[in-house]
Amino acid sequence: MARLAIRNLVARFPGLDQPALDVPAFDLDAGARIALRGPSGSGKTTFLNMLTGLARVPEGHVTWDGIDLATLGEGARDRWRAANVGLVMQDFHLFPGLSALENVLLPRRLRWRGAEKGAREEALGLLRRTGVPRPDQPVETLSRGQSQRVAVARALLGRPAILVADEPTASLDAEAGAAVGALLTDLARETGATLVVATHDPELIERIGRVAHLTAGRLAA
Ligand SMILES: Nc1ncnc2c1ncn2[C@@H]1O[C@H](COP(=O)(O)OP(=O)(O)OP(=O)(O)O)[C@@H](O)[C@H]1O
């Protein structure tokens with residue numbers, strides 16, 4: 001279970017007159033689910049990067065369960081993220097030369113230096129649930145939609161307390177998108193994970209049930 005409190009978060013980039021992100025206060029209860037909407041360039045990716053510790057918090061506070069990511073260096077943020085966050089990013093970051101199953105297991109292997117007992121069965125179960133038919137297939141031969149499902153399965157392995165996804169249904173047709181959206185929301189509900197999803201997909205937004213809008217870096221929940 002993970003609770004989020006953001007205070008006075010401001011991110012600026014060179015060449016932009018206005019901050020890319022300016023969020024005075026934003027809170028999520030542990031286990032909350034929220035969809036993040038906003039036009040291109042409104043700051044969604046920047047926001048997700050700050051929430052997950054992928055980027056340094058330049059100004060203000062992003063606090064998960066009392067841990068302020070602004071106080072952590074890059075290595076500490078990476079360790080915190082590996083222990084707490086399941087991430088589905090827009091480009092899937094799958095490793096070619098490895099199978100679907102190996103890709104799902106890879107972050108866990110790096111984290112624990114060896115596959116933990118049960119992780120393989122959990123990974124196979126997630127691949128089954130996400131609808132990846134052949135776990136041993138090399139990822140470079142998967143379709144975009146299948147790659148997306150592998151990325152979702154990888155994010156869900158180990159039941160992370162925080163699930164963050166950036167347009168997780170964007171490369172899927174309506175049916176596959178609905179399946180992946182259902183899986184994300186169902187598993188978040190089952191595990192009590194706090195779920196934040198940047199998406200324009202109306203079906204997924206409805207499934208999540210709550211939406212926050214980003215406009216030019218400002219968040220309205
Ligand atoms: N490293 C950077 N240097 C300069 N400007 C940046 C940088 N990263 C993002 N920006 C700018 O910050 C703003 C917010 O970008 P961001 O990628 O967060 O938007 P977004 O809502 O995710 O967009 P999209 O939906 O197109 O992915 C944009 O104006 C973008 O050009």
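Along every chain, residues carry numbers that run from 1 in the direction the sequence is written. Where totals are concerned, whole chains, interfaces and linings use all residues; where local detail is concerned, this predicted model gives features only for residues with pLDDT of at least 70, and gives and counts side-chain atom pairs only at 80 or more.

Peer 1: Can you tell me about unusual backbone geometry, naming the residues and giving the values?
Peer 2: Positive phi outside glycine occurs at Asp65, with the angle close to 50°. Between the buried cut of 20 or more and the exposed cut of 12 or fewer other C-beta atoms within 10 Å of a residue's own C-beta lies the partly exposed class, and all C-beta atoms are placed from the backbone. Using a count of 14 C-beta atoms within 10 Å as the deciding quantity, one classes Asp65 as partly exposed. Although it is not a glycine, Glu167 adopts a positive phi angle of roughly 50°.

Peer 1: Quick rundown of the environment of Ala119? Include the residues and the values.
Peer 2: Locating Ala119 in the fold gives a position in helix α4 (residues 119-130). Through-space distance from the C-alpha of Ala119 to that of Gly31 is 23 Å; in sequence the pair is 88 residues apart. Numbering of helices and strands starts at the N terminus; helices are DSSP runs of H or I of at least 4 residues and strands are runs of E of at least 2.

Peer 1: Account for the nonpolar core, naming residues and giving values.
Peer 2: The term nonpolar core refers to a set of buried Ala, Val, Leu, Ile, Met, Phe, Trp, Tyr and Cys residues connected through C-beta atoms within 7 Å. Judged by nonpolar contacts, the single largest core of 56 residues is most densely connected at Val104, Val150, Ala153, Leu163, Leu184 and Val197. Top contributing element to this core by residue count: helix α5 (residues 144-156), with 6 residues. Placing C-beta atoms from the backbone, we regard two residues as in contact once those atoms come within 7 Å. Val150 has contacts with Leu94, Ala100, Asn103, Val104, Val132, Val139 and Leu142, leaving out every residue within four places of it along the chain.

Peer 1: Any chance you could break down the sheet that holds strand β9 (residues 211-215) for me, citing the residues and the numbers?
Peer 2: One requirement defines pairing of two strands: DSSP has to find at least two bridges between them. Judged by pairing direction, the sheet is mixed, and its 6 strands sit side by side in the order β6-β7-β8-β3-β9-β10 without closing on themselves. On the outer flanks of this sheet lie β6 (85-88) and β10 (218-220), each paired with one strand and no other. Ignoring which end each strand starts from, the neighbouring axes of this sheet average 20° apart. Pairing of β9 with β10 involves 3 bridges; the strand directions are antiparallel. Across the sheet, the residue bridging to Thr215 is Arg218, located in β10. Running at roughly 155° to strand β7 (residues 162-166), helix α1 (residues 44-51) makes contact with β3 (33-37), β7, β8 (194-198) and β9 of the sheet. Each axis is a line fitted through C-alpha atoms, and for a helix only the stretch in contact is used; angles between axes span 0 to 180 degrees, taken between their N-to-C directions.

Peer 1: I'd love a proper account of α1, names of residues and values included.
Peer 2: In terms of burial, α1 is largely enclosed, as 6 of its 8 residues are buried. Three or more residues of α1 are buried, namely Lys44, Thr46, Phe47, Leu48, Met50 and Leu51. Gly53, located one to two residues past α1, shows a positive phi value of around 75°.

Peer 1: If you had to explain the environment of Leu187 to someone new, which residues and values would you point to?
Peer 2: By the secondary structure assignment, Leu187 is in helix α6 (residues 174-191). Exposure remark for Leu187: the 22 C-beta atoms within 10 Å place this residue in the buried category. Sequence-wise, Leu187 and Arg108 are 79 residues apart; in three dimensions their C-alpha atoms are separated by 18 Å.

Peer 1: Talk me through α5; I want residue IDs and the actual numbers.
Peer 2: To estimate how far a helix should reach, multiply one less than its number of residues by 1.5 Å. Counted at 1.5 Å a residue, the expected span for α5 with its 13 residues is 18 Å, and the 19 Å between its end C-alpha atoms agrees. Counting buried residues in α5 gives 11 out of 13 residues, a clear majority hidden from the surface. For α5, every residue scored as buried is listed here: Gln146, Ser147, Gln148, Arg149, Val150, Ala151, Val152, Ala153, Arg154, Ala155 and Leu156. Positive phi appears at Gly158, one or two residues downstream of α5, with a value of about 85°.

Peer 1: Describe the site of the ligand, and please don't skip the residues or the numbers.
Peer 2: For the ligand, the set of nearby residues contains 13 residues, the closest of which are Phe13, Ala20, Ser40, Thr45 and Thr46. By residue class, the composition of the shell around the ligand is 4 nonpolar, 8 polar and 1 charged. Proximity of a residue to a molecule or strand is defined by its backbone-placed C-beta atom lying within 6 Å of that partner. Each residue gets one label: Ala, Val, Leu, Ile, Met, Phe, Trp, Tyr, Cys and Pro are nonpolar, Asp, Glu, Lys and Arg are charged, and the others, such as Gly, are polar.

Peer 1: How would you explain the sheet that holds strand β4 (residues 61-64) if you had to name every residue and give the values?
Peer 2: As a general point, the strands of a sheet are linked pairwise by backbone hydrogen bonds and lie either parallel or antiparallel. The sheet built from 4 strands is open, its strands ordered β2-β1-β4-β5 with antiparallel pairing. A single partner strand is all that each edge strand has here, and the edge strands are β2 (21-28) and β5 (67-68). Relative to β4, strand β1 (residues 4-11) runs antiparallel, the two being bridged by 4 bridges. Its bridge partner lying in β4, Ala5 is registered against Thr63.

All quantities given are derived from atomic positions and should not be read as evidence of function.
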